[in-house]
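# Structural overview for review
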Amino acid sequence: NVLNIYRYNVAVPPVMTIIGSNPATVELGSAYVDGGATALNENHGNTPVTPSGNVDTSKVGSYVVTYSATDLDGNTASASRTVNVVDTTAPEVTVTGDNPVTTELGDTYTDAGATATDLSGTVEVVTSGTVDTDTVGEYTLTYTSTDASENAGTATRTVNVTDTVKPVFTSSSTFIVDE
């Protein structure tokens, strides 16, 4: 049959189909499982697919996985998937020391601060708020940490300034009483 001879002599590459999302998104620090791809040649059927490229989920960025297939006639095809590693998770901020904490009116208050951890690496903690130890009241200190992807985590500490010292009455030792 002339039609069949013609079909087998024409360079028809495999048709590549990427399985799953393209582009794909994975959270920083998560495991990435690639969906793969298939290749189908109209003359030979399923064709083996070879992936190449790495996705480093420990670093934010865009990565490319390329799939290639070569059929029995030497015809090749390829397709690519972009995998975006993103960071949408805020740093975890932990208050150091007691919370709430109480300090006496007139004393000096030294804050114990806070720490923060994040999968993107080292992050700083910034403290906002003040404690006026000359005024009885409840004060709030806020600790904020922002990572390289602009995700911000916060925690707060309540500081209670109290007056528990009883007044001391003093007077001279001599009294004069008028009747």
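Let me begin by describing the structure that accompanies this report. If you're wondering where the values come from, they're calculated on a predicted model, not measured in any experiment. (Residues numbered from 1 in each chain as written. Predicted model: local features only at pLDDT ≥ 70, side-chain atom pairs only at ≥ 80, totals over all residues. Heavy atoms only, no water.)

## Digging into the overall build of the chain
Looking only at helices and strands, one finds 1 helix and 13 strands in the chain. Scaling as 2.2 N^0.38, a compact globule of 179 residues should have a C-alpha radius of gyration of about 16 Å, whereas the chain reaches 35 Å, well beyond that. Here the chain, with 179 residues, has 28% of them falling under the buried criterion. For the chain, the proportion of contacts with a sequence separation of at least 24, taken over those separated by at least 6, is 57%. As presented, the chain carries roughly 11700 Å² of accessible surface, and 52% of it is formed by carbon and sulfur atoms. Counting 5 positive and 22 negative side-chain charges, the chain places the centres of these two groups 15 Å from one another. (Helix = DSSP H or I, 4+ residues; strand = E, 2+ residues; numbered from the N terminus. Rg over C-alpha atoms; globule rule 2.2 N^0.38 Å. Buried < 20%, exposed > 50% of the residue type's maximum accessible area, 1.4 Å probe, protein only. Contact = heavy atoms within 4.5 Å. Areas by Shrake-Rupley, 256 points an atom, 1.4 Å probe, with all protein chains shown as cover. Lys, Arg positive; Asp, Glu negative; His and termini not counted. Charge placed at Lys NZ, Arg CZ, Asp CG, Glu CD.)

## Observations regarding the nonpolar core
In this structure, Met 16, Tyr 67, Val 83 and Val 85 are the most contacted members of the largest nonpolar core, which totals 14 residues. Excluding residues within four positions of it along the chain, Tyr 67 makes contact with Met 16, Ile 18, Asp 34, Gly 36, Ala 37, Val 49, Thr 50, Pro 51, Ala 77, Ser 78, Ala 79 and Arg 81. Membership of the second largest hydrophobic core comes to 12 residues, among which are Val 101, Val 123, Tyr 139 and Tyr 143. (Core = buried A, V, L, I, M, F, W, Y, C linked by side-chain atoms within 4.5 Å.)

## Regarding the sheet that holds strand β5 (residues 50-52)
A sheet is described by the order of its strands in space; here 4 strands give the open sequence β2-β7-β6-β5, paired in mixed fashion. Taken across any chain shown, the strands that pair with only one partner, and hence form the sheet edges, are β2 (24-27) and β5. Taken pair by pair, the neighbouring strands of this sheet meet at an average axis angle of 25 degrees, ignoring direction. With 3 bridges joining them, β5 and strand β6 (residues 61-70) adopt antiparallel strand pairing. Counterpart to Pro 51 in the pairing with β6 is Tyr 67. (Pairing = 2+ DSSP bridges. Axes fitted to C-alpha atoms, helices over the stretch in contact; angles between N-to-C directions.)

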